[in-house]
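Remarks on the overall topology
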There are 2 protein chains.
Amino acid sequence: MIKGVLELALLCILRKRAHYGLEILQRMNEESGLEVADGTIYPLLHRMESAGFVAADWRIEGDQGRPRKYYTLKPRGAAELKAMSDDWRDLRSRMDALIEKGTR
Amino acid sequence: MIKGVLELALLCILRKRAHYGLEILQRMNEESGLEVADGTIYPLLHRMESAGFVAADWRIEGDQGRPRKYYTLKPRGAAELKAMSDDWRDLRSRMDALIEKGTR
DNA sequence: GCCAGTCATCTTGTATAGCAAGATATCAAT
DNA sequence: ATTGATATCTTGCTATACAAGATGACTGGC
């Protein structure tokens with residue numbers, strides 16, 4: 001609980017372009033405020049790869065001579081992104097109702 | 001991650017009046033759509049009690065001759081509710097931004 | 001060239017949460 | 001008396017998040 005927020009954030013980040021591990025970590029911490037550790041992100045990436053949601057390939061990008069492992073969104077990942085977005089919206093409206101409204 | 005949604009839902013439910021375990025379970029499933037099992041709710045209640053957020057007392061309420069364990073919100077629980085509500089709103093806006101907006 | 005520092009990834013161990021399943025107990029109804 | 005519904009609790013399993021440490025590769029200063 002709530003299982004899936006990290007996964008959802010990852011899929012969102014990969015939607016526009018490929019990212020490598022530490023880059024994903026930085027964006028999660030800066031944008032989503034999730035305060036993820038690298039000991040969390042790499043196992044997550046491996047799980048998402050095993051599940052067939054993302055694909056990984058080593059690249060040497062731009063000015064960097066150092067190879068980095070880039071992750072891209074696969075079709076199954078895009079479908080999962082849609083499903084998880086819907087789940088998120090559902091949870092969001094329900095939790096908002098619980099928080100904002102006076103409950104029984 | 002995201003730890004705290006169940007806790008938040010519980011504190012919200014207890015805000016207006018005392019509830020007993022199964023009642024909390026039913027309201028979570030109906031209203032929050034969280035699909036919680038009773039093997040989840042009782043340990044949760046015990047944790048929240050140990051943490052000093054809620055108090056428990058056995059009561060025979062209304063028409064029922066069967067005693068039920070009622071949980072009430074303690075001051076520390078109310079403070080926690082406020083803190084978790086703020087956290088929730090923060091996470092919500094950040095995740096919405098990630099989902100809705102085109103990200104880098 | 002060598003060394004230190006940084007970047008980047010991976011692994012191990014620990015703690016905890018959620019859940020299914022089963023145990024227990026009480027009351028109501030037949 | 002037996003069944004079924006209500007209500008709580010416990011055990012065992014699995015998965016996840018994290019801290020911490022290990023590893024390797026490149027860069028920059030000397």
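Owing to the predicted nature of the structure, the values given are computational and were not obtained by experimental measurement.

**Here we look at the overall build of chain A**
Within chain A one finds four helices and three strands. For chain A, the α and β elements follow one another from N to C terminus as α-β-α-α-β-β-α. Dimensions along the principal axes, computed over C-alpha positions, put chain A at roughly 60 × 25 × 20 Å. Per-residue burial over chain A gives 42% buried out of 104 residues. The long-range fraction of contacts in chain A, counting pairs at least 24 apart against all pairs at least 6 apart in sequence, stands at 47%. When the accessible surface of chain A is totalled, it reaches about 5500 Å², and 50% of it is carbon and sulfur. Looking at chain A, you have 18 positive and 16 negative side-chain charges, and the mean spots of the two groups are 5 Å apart.

**Focus on the protein's contact with DNA strand C**
Of all residues adjacent to DNA strand C, which total 22 residues, the nearest are Leu22(A), Tyr42(A), Arg68(A), Lys69(A) and Arg66(B). The contact atoms of DNA strand C, taken as those within 4 Å of the protein, divide so that sugar and phosphate hold 67%. A distance of 3.0 Å is found between a base nitrogen of DNA strand C and a side-chain nitrogen or oxygen belonging to Asp38(A). Tyr42(A) places a polar side-chain atom, nitrogen or oxygen, 2.9 Å from a phosphate oxygen of DNA strand C. Listed by contribution, the elements that provide at least two residues to the surface near DNA strand C are helix H2 (21–32), helix H3 (38–50) and strand S3 (68–73) of chain A together with helix H3 (38–50) of chain B. Classifying every residue of the surface near DNA strand C by side-chain character gives eight nonpolar, six polar and eight charged.

**Notes on the relation of the copies chain B and chain A**
Screw-axis analysis of chain B against chain A gives a translation of 0.0 Å along the axis, an RMSD of 0.0 Å, and a rotation angle of 180 degrees. Those values place the two copies in the arrangement expected of a two-fold rotation axis. Taken together, the interface assignments show that 100% of the residues at the interface of chain B recur at the interface of chain A, consistent with an identical surface on both copies.

**Re the side chain of Glu23(B)**
Residues and elements named next belong to chain B. By the secondary structure assignment, Glu23 is in helix H2 (residues 21–32). By relative accessible area, Glu23 is classed as buried at 15%. The residues touching Glu23, leaving out its near neighbours within four places in the chain, are Arg17, Ala18 and Tyr70.

**Digging into the pattern of salt bridges**
Under the definition given, this model contains 18 salt bridges over all chains. A salt bridge links Arg59(A) to Asp57(A), with the nearest nitrogen and oxygen atoms 2.9 Å apart. The exposure class assigned to Arg59(A) is partly exposed, which follows from its relative accessible area of 26%. A salt bridge links Asp96(B) to Arg92(A), with the nearest nitrogen and oxygen atoms 2.6 Å apart.

**Some words on the protein's contact with DNA strand D**
For DNA strand D, the set of nearby residues contains 24 residues, the closest of which are Thr40(A), Leu22(B), Tyr42(B), Arg68(B) and Lys69(B). Counting only the atoms of DNA strand D that lie within 4 Å of the protein, the sugar and phosphate share comes to 67%. In the environment of DNA strand D, a base nitrogen lies 3.0 Å from a nitrogen or oxygen atom belonging to the side chain of Asp38(B). Here Lys69(B) contributes a side-chain N or O atom positioned 2.6 Å from a phosphate oxygen of DNA strand D. Among the elements of the structure, H3 of chain A together with H2, H3 and strand S3 (68–73) of chain B are those that each provide at least two residues to the surface near DNA strand D. Counting residues per element, the surface near DNA strand D draws most heavily on H3(B), which supplies five residues.

**Looking at the interface of chain B and chain A**
Listed by partner, the interface residues are 34 residues for chain B and 35 residues for chain A. Taking both partners together, chain B and chain A bury about 3400 Å²; carbon and sulfur atoms supply 58% of that area. Viewed at the interface, chain A and chain B are joined by four salt bridges. A salt bridge links Glu100(A) to Arg89(B), with the nearest nitrogen and oxygen atoms 2.9 Å apart. Here chain B is connected to chain A by 14 residue pairs in polar contact (both at pLDDT 80 or more). Broken down by secondary-structure element, the contributors of at least two residues to the side of chain B that touches chain A are helix H1 (5–16), H2 and helix H4 (75–100) of chain B. When residues of the side of chain B that touches chain A are assigned to their parent elements, the largest contribution, eleven residues, is made by H4(B). Residues that form the side of chain B that touches chain A fall into these classes: 14 nonpolar, six polar and 14 charged.

Thresholds applied
Residues numbered from 1 in each chain as written. Chains lettered and ligands numbered in written order. Predicted model: local features only at pLDDT ≥ 70, side-chain atom pairs only at ≥ 80, totals over all residues. Heavy atoms only, no water. Helix = DSSP H or I, 4+ residues; strand = E, 2+ residues; numbered from the N terminus. Buried < 20%, exposed > 50% of the residue type's maximum accessible area, 1.4 Å probe, protein only. Contact = heavy atoms within 4.5 Å. Areas by Shrake-Rupley, 256 points an atom, 1.4 Å probe, with all protein chains shown as cover. Lys, Arg positive; Asp, Glu negative; His and termini not counted. Charge placed at Lys NZ, Arg CZ, Asp CG, Glu CD. Near = heavy atom within 4 Å. Polar contact = N/O pair within 3.5 Å; in protein donor to acceptor, adjacent residues only side chain to side chain. Nonpolar A, V, L, I, M, F, W, Y, C, P; charged D, E, K, R; others polar. Least-squares fit on C-alpha atoms with pLDDT ≥ 70 in both. Salt bridge = Lys/Arg side-chain N within 4 Å of Asp/Glu carboxyl O. Buried area = accessible area lost by both parts, 1.4 Å probe.

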